[in-house]
Amino acid sequence: MVLAVSGAACAAEGPIKIGYLAALTGDYAQYGITEVNMAKMVVSETNAAGGVLGRPIELVVYDTKTRNEDAVNAVRRMIESDGVCVIVGANTSGINIATAPIVNKGRVPQISTIGTNPLVTVDNKGKVRPYSFRICFTDPYQGALAADLAYNDLKKTKAAILYNVGSDYAHGLREFFTKDFQKLGGTVVADEGFRETDVDYRAQLTTIKNSGSDVLFLPGMGKDMALAIKQAQELGLDVTVIGGDGYGEFMNEIAGDAMKGTYWINHTYLGDPVMAPIFARYKETYHDECKEFVNGTMAYDAMWWVLDAIKRAGAAEGPAIAKALEETKGLKLNHATLTIDPEDHNPLNKAGIILKVGDDLNTEFYKKIEPK
């Protein structure tokens, strides 16, 4: 009964409580800290302007510690004890898949910032999860972009893949890249896995080196990709590296010059003029650059999407907010204009951005691809 009542609505008076789920410790902390900082900026700006529905916004933040079990426990506390009416985060697919049954039972919508696996918003039978949403594109789309980049743009025909066998994100992206690359005429000549706790991939990379591959696809997250890129250079592996939206600028600190010339499928780019004043406010507020700019952008816009949904719902209640999120059409955010498909709670027709790491280790805009 506590779950049903507290999960359905925030308290009728007082602040509207929005949960934020992020990795603040562990391997993915760089992403999560940036997201929470951006979310706090939105709350500050909103409260300075009078709040929403005449009430201030309160952000309730929990650390996933980069672990599914901690995320599940955090979401339970948000709903049962804290009384949040909507949750933003986390940025990883596995965590959102793990928390989906909790938010759907509690009738509290959750928005993943960069959880791209299809199962974040639909179950194994393809049925939409009524309280699960995302603001990003999905793995089938970015897998297709990576395959097209490799085969058509870069003229690569023999791909190798190195992936984390315990990651839902990696499995999905690997699957869709493979399917599309082969459909275009390419061949996957090596498909090597590693465990979550591994930090030495030299055995797998040696197999890849001997496979004759001319492109290495890394469907991973941050640190594991940076270590693989560094070790590949040390082994003299001469291939072009392509990865997905698990890219983070902190990877440069790990891999150094080995990052030069790598390509990354992503949702936005650092030089986006619309985001420039927002990044400037971030620097002024936190006395630091918004290093993980993709996470910062997605978190900032996810929060504004939530606030817009609360306004349209006219109430700080989970079911009403979920309905408003599902009915989002033509909402102009900073990085994109958002329309949600009610059949799968995915954004419709979001463009993909391809980034390239330049000789100065800064990411450069390579091209923008609109969905066909």
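Keep in mind the model is a prediction, meaning the values are calculated, not measured.

Novice: Which residues make up the sheet that holds strand E2 (residues 57-63), and what are the values?
Specialist: Taken together, the 5 strands give an open sheet; going across it, the order is E2-E1-E3-E4-E5, and neighbouring strands pair in parallel fashion. Looking at the sheet topology across the chains shown, the edges are occupied by E2 and strand E5 (132-134). Strand-to-strand twist of the sheet, defined as the mean angle between neighbouring strand axes without regard to direction, takes the value 25°. Where strand E1 (residues 16-22) and E2 come together, 7 bridges link them in parallel fashion. For Ile18, the partnering residue across the bridge sits in E2 and is Leu59. Along the sheet, helix H2 (residues 29-48) contacts E1 and E2; its crossing angle with E2, the most-contacted strand, is approximately 170°.

Novice: Can you explain the nonpolar core? Please cite residues and give values.
Specialist: By size, the foremost hydrophobic cluster in this structure holds 66 residues, and its most contacted members are Ile18, Tyr20, Leu21, Met38, Ile87, Met303 and Trp305. At 12 residues, helix H11 (residues 293-313) tops the list of elements feeding residues into this core. Setting aside its immediate chain neighbours within four residues, Ile87 contacts Gly19, Leu21, Val75, Met78, Ile79, Val103, Val108, Pro109, Gln110 and Ile111. In terms of nonpolar packing, the next biggest core, distinct from the first, is built from 55 residues, Tyr31, Ala146, Val188 and Ile354 among them.

Novice: Tell me about the packing of aromatic side chains, and name the residues and values.
Specialist: When we look at a pair of aromatic rings, we describe it by the centre distance and by the angle of the planes. Summed over all chains, the structure comprises 13 aromatic pairs. When the ring of Tyr31 is compared with that of Phe250, the centres are 5.5 Å apart and the planes differ by 75°; the resulting orientation is edge-to-face. Of the two residues, Tyr31 is situated in helix H2 and Phe250 in the loop between strand E9 (240-243) and helix H9 (251-255); the sequence distance between them amounts to 219 residues. This pair shows no difference in class: Tyr31 is buried, exactly as Phe250 is.

Novice: Can you explain the environment of Ile354? Please cite residues and give values.
Specialist: On the secondary structure map, Ile354 appears in strand E15 (residues 352-357). Classification of Ile354 by relative accessible area gives buried; the value is 1%. When the C-alpha positions of Ile354 and Ile369 are compared, they lie 7.9 Å apart, and in sequence the two are 15 residues distant. Residues within four places of Ile354 in sequence aside, it is in contact with Leu149, Tyr263, Trp264, Ile265, Glu364, Phe365, Tyr366, Lys367 and Ile369.

Novice: Give a description of the sheet that holds strand E10 (residues 263-266) that names residues and reports values.
Specialist: Spatial ordering of the open sheet is given by E7-E6-E8-E9-E10-E15-E16, a layout of 7 strands whose pairing is mixed. The open sheet has two free edges, formed respectively by strand E7 (187-194) and strand E16 (363-369), since each of these has just one partner strand. Across the sheet, the mean angle from the axis of one strand to that of its neighbour is 20°, orientation sign disregarded. Contacts between helix H6 (residues 168-184) and the sheet are confined to strand E6 (158-164), E7 and strand E8 (215-218), with E6 contributing the most and set at about 170° to the helix.

Novice: Report on the side chain of Thr116, specifying residues and quantitative values.
Specialist: Secondary-structure assignment places Thr116 in the loop between strand E4 (110-112) and E5. Here Asp139 takes part through its side chain, which lies 2.5 Å from a polar atom of the side chain of Thr116. The residues touching Thr116, leaving out its near neighbours within four places in the chain, are Ser93, Arg134, Cys136, Phe137, Thr138, Asp139, Gln142, Tyr169, Asp245 and His267.

Novice: Outline unusual backbone geometry, supporting the account with residue identities and numerical values.
Specialist: Going from Gly89 to Ala90, the amide bond is cis rather than trans, its omega being 5°. Tracing the backbone shows Ala90 in the loop between strand E3 (86-88) and helix H4 (93-106). Of note in this structure, His287 is not a glycine but carries a positive phi near 55°. Within the secondary structure layout, His287 lies in the loop between helix H10 (276-286) and H11. The class for His287 is exposed, based on a relative accessible area of 71%.

Analysis parameters
Residues numbered from 1 in each chain as written. Predicted model: local features only at pLDDT ≥ 70, side-chain atom pairs only at ≥ 80, totals over all residues. Heavy atoms only, no water. Pairing = 2+ DSSP bridges. Helix = DSSP H or I, 4+ residues; strand = E, 2+ residues; numbered from the N terminus. Axes fitted to C-alpha atoms, helices over the stretch in contact; angles between N-to-C directions. Contact = heavy atoms within 4.5 Å. Core = buried A, V, L, I, M, F, W, Y, C linked by side-chain atoms within 4.5 Å. Buried < 20%, exposed > 50% of the residue type's maximum accessible area, 1.4 Å probe, protein only. Phe/Tyr/Trp six-rings, centres within 6.5 Å; stacked < 30°, edge-to-face > 60°. Polar contact = N/O pair within 3.5 Å; in protein donor to acceptor, adjacent residues only side chain to side chain.

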